[in-house]
Amino acid sequence: MNDIGVIENGSILIKNGKIIKIGTFDEIHSEVVLEDYEIIDAKGKTITPGFVDSHTHVVFGGYRADEYTWRLRGDSYVDIMNRGGGIASSVTKTREASFDELVSSALSRLKSMVRFGVTTIEGKSGYGLDFETEMKQLRVMKKLDQMQPIDIVRTFLGPHAVMPEYKGREMEFIELVNKEMLPFVKEENLAEFVDIFTEKNVFELEESRVYLEKAKELGFKIKMHADEIYPLGGAELAAEFGATSADHLLKVSDKGIEMMKENDVIATLLPLTAFSLKEEYARARDMIDSGLAVALATDLNPGSCFSESIPLVIALATLYMNMTPEETLAALTLNAAAAIDKADVIGSIDEGKQADLLIHEFDSYHYIAYHFGVSSVEKVIKKGKIIYDKEGC
Ligand code: NIG
Ligand code: FE
């Protein structure tokens, strides 16, 4: 993750939205007729791949500002959840919201993400918990994917929380999801991934296993919310099922880290959530030093983490998780692309890949972390086209 392959005085040739050649300025310019190309001048700047936010809950109805204030006064996230707030409260508001309302609120979040240099995201359902609303959320993402430049990879997160009527009957809810929702999502191609909140008093290991078996049988790729609040063994389960990624991992065991590594599961760490919940950060150093691939994402959602701030992710990763600037960049680009199984098309500046690029202020990538809490992104290029220009905004 430290070997990021910097090219000094580099040039990038783009055609039909793809990178067709990279090299030094002299190499590229000796081979091509400049007049045949539109030039985007990045002299004195740094170019990186576009950021990939591989874990978001971008589509939801309503907000939970009241709960945030309660947390600031000392209530815990779990206390609020047990009182019927938390995810359940967003579920009520998402059920009430119309399709167009969900499109419009998520669209404004996506516009904010572009300014931070995000060119691809993963988005989850999970604020419906009934057939109609889960499908509504996935269809909203499908629509958003078509109407604006950021690519959205969809994940079905039906087992995100237990609504009061299913308390104590969690397995019945899983059976309902397995019978009625998963096959439909597959048939309609509404999601590429599935996810589950595997957590003590939410969906325990046995329920998670029944769900993941069905999902795997139907051919879904797997993500998991694992070992976030309690060390339940979610990482081990992710390894057992060959998940693409296990996310959060604040309480992961050493064995979980080892098993994830052996089974090529990517550890997606979400420092903004730990920050917002005032929890200890995930053990990024132990993970990277043991050879595990680490990705970073925002976890943007209305409850545990209402923030899409990539600059804050970078600041926390470098200052509090002891990740180097190079590891942080890899975690937000190539490893994040791998966490959504897109590392063959995005996540690095390589010939043949999609031209999703960022032009940053300053002539060295070190400034991206150094100028902490502030976005260094001046221009965002998606599939070869400028989609954000700080100067013109
Ligand atoms: O990733 N942990 C579970 N799910 C979300 C929280 C969602 C919410 O609070 O609305 C998370 O942190
Ligand atoms: Fe999440």
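In what follows, the structure referred to is the one given above.
Model, not experiment: these values are computed from the prediction.

Reading the values: the criteria
- Residues numbered from 1 in each chain as written.
- Chains lettered and ligands numbered in written order.
- Predicted model: local features only at pLDDT ≥ 70, side-chain atom pairs only at ≥ 80, totals over all residues.
- Heavy atoms only, no water.
- Pairing = 2+ DSSP bridges.
- Helix = DSSP H or I, 4+ residues; strand = E, 2+ residues; numbered from the N terminus.
- Axes fitted to C-alpha atoms, helices over the stretch in contact; angles between N-to-C directions.
- Phe/Tyr/Trp six-rings, centres within 6.5 Å; stacked < 30°, edge-to-face > 60°.
- Buried < 20%, exposed > 50% of the residue type's maximum accessible area, 1.4 Å probe, protein only.
- Lys NZ or Arg CZ within 6 Å of the ring centre and 35° of its normal.
- Donors = N, O, S within 2.8 Å, 3.2 Å for Na, K, Ca; no water.
- Expected span 1.5 Å × (residues − 1).
- Bend = angle between axes of the 7 residues up to and from the residue.
- Contact = heavy atoms within 4.5 Å.
- Near = heavy atom within 4 Å.
- Polar contact = N/O pair within 3.5 Å; in protein donor to acceptor, adjacent residues only side chain to side chain.
- Areas by Shrake-Rupley, 256 points an atom, 1.4 Å probe, with all protein chains shown as cover.
- Nonpolar A, V, L, I, M, F, W, Y, C, P; charged D, E, K, R; others polar.

## Here's the deal with the pairing of strand β1 (residues 10-15)
A regular strand places its side chains on the two faces of the sheet in alternate fashion. Examined bridge by bridge, β1 and strand β2 (residues 18-24) share 6 bridges and lie antiparallel to one another. Note on β2: the bridge partner recorded for Leu13 is Lys21. Linking β1 to β2, which pair antiparallel, is a turn of 2 residues; within it Asn16 sits at a positive phi near 50 degrees.

## So, the sheet that holds strand β13 (residues 357-360)
Spatial ordering of the open sheet is given by β3-β13-β14-β15, a layout of 4 strands whose pairing is antiparallel. Looking at which strands have only one partner, the edges of the open sheet turn out to be β3 (46-49) and β15 (385-389). If you compare each strand with its neighbour and ignore which way they point, the axes differ by 25 degrees on average. Judged from the 4 bridges that link them, strand β14 (residues 377-382) and β15 form a sheet pairing that is antiparallel. Looking across to β15, one finds that Lys382 is bridged to Lys385.

## Section: the packing of aromatic side chains
Tallied over the entire structure, the rule returns 10 aromatic pairs. With 6.3 Å between their ring centres and 80 degrees between their planes, Phe60 and Phe306 make a pair best called edge-to-face. In this pair, Phe60 sits in the loop between β4 (51-53) and α2 (65-72) while Phe306 sits in the loop between β12 (294-296) and α13 (310-320), placing the two residues 246 residues apart along the sequence. By relative accessible area, Phe306 is classed as partly exposed at 47%. Ring geometry for Tyr367 and Tyr370: centres 5.6 Å apart, planes at 70 degrees, overall edge-to-face. Note that Tyr367 and Tyr370 are positioned in helix α16 (residues 366-370) at a spacing of 3 residues, about one turn of the helix. For Tyr367, a relative accessible area of 29% corresponds to the partly exposed category. Accessibility expressed as a relative area gives 62% for Tyr370, which makes it exposed. A network of ring pairs unites the aromatic residues Phe60, Tyr63, Tyr127 and Phe306 as a single cluster. We note Arg83 situated over the ring of Trp70; from NZ or CZ to the ring centre the distance is 5.3 Å. A cation sits over an aromatic face here: Lys186 above Phe220, 4.7 Å from the ring centre.

## As for the coordination of the iron ion (ligand 2)
Reference values for angles at a metal are 109.5 degrees in the four-donor tetrahedral case and 90 or 180 degrees in the six-donor octahedral case. Ligation of the iron ion (ligand 2) by protein atoms is provided by His55 (NE2), His57 (NE2), His225 (NE2) and Asp299 (OD), these donors lying 2.1 to 2.3 Å from the ion. For the iron ion (ligand 2), the single-chain donor residues occur in sequence as H-x1-H-x167-H-x73-D. Taken as a pair, His57 in the loop between β4 and α2 and His225 in strand β9 (residues 221-226) lie far apart in primary sequence, 168 residues in all. The exposure classification of His57 matches that of His225, with both residues buried.

## So, helix α7 (residues 170-187)
Because an α-helix completes one turn every 3.6 residues, residues spaced three or four positions apart along the sequence face the same direction. The terminal C-alpha atoms of α7, which comprises 18 residues, lie 25 Å apart, in line with the 26 Å expected from a rise of 1.5 Å per residue. Along α7, the sharpest kink reaches roughly 40 degrees, centred on Asn178. Listed in full, the buried residues belonging to α7 are Glu170, Phe173, Ile174, Val177, Asn178, Met181, Leu182 and Val185. Residues of α7 that are buried make contact with α6 (131-147), β6 (151-156), β7 (193-194) and α8 (205-218). Backbone geometry just downstream of α7 places Asn189 in the positive-phi region, at approximately 55 degrees.

## Description of the site of ligand 1
Every one of the 15 residues lining ligand 1 counts as a neighbour, but Arg64, Tyr77, Tyr127, Glu228 and Ser304 are closest to it. Between ligand 1 and Arg64 there is a distance of 2.7 Å, counted from an oxygen atom to a side-chain nitrogen or oxygen. Here an oxygen atom of ligand 1 sits 2.6 Å away from a polar atom, N or O, in the side chain of Tyr127. For ligand 1, whose free accessible area comes to 330 Å², the fraction covered by protein is 100%. Each residue belonging to the shell around ligand 1 can be placed in one class, and the counts come to 4 nonpolar, 8 polar and 3 charged.

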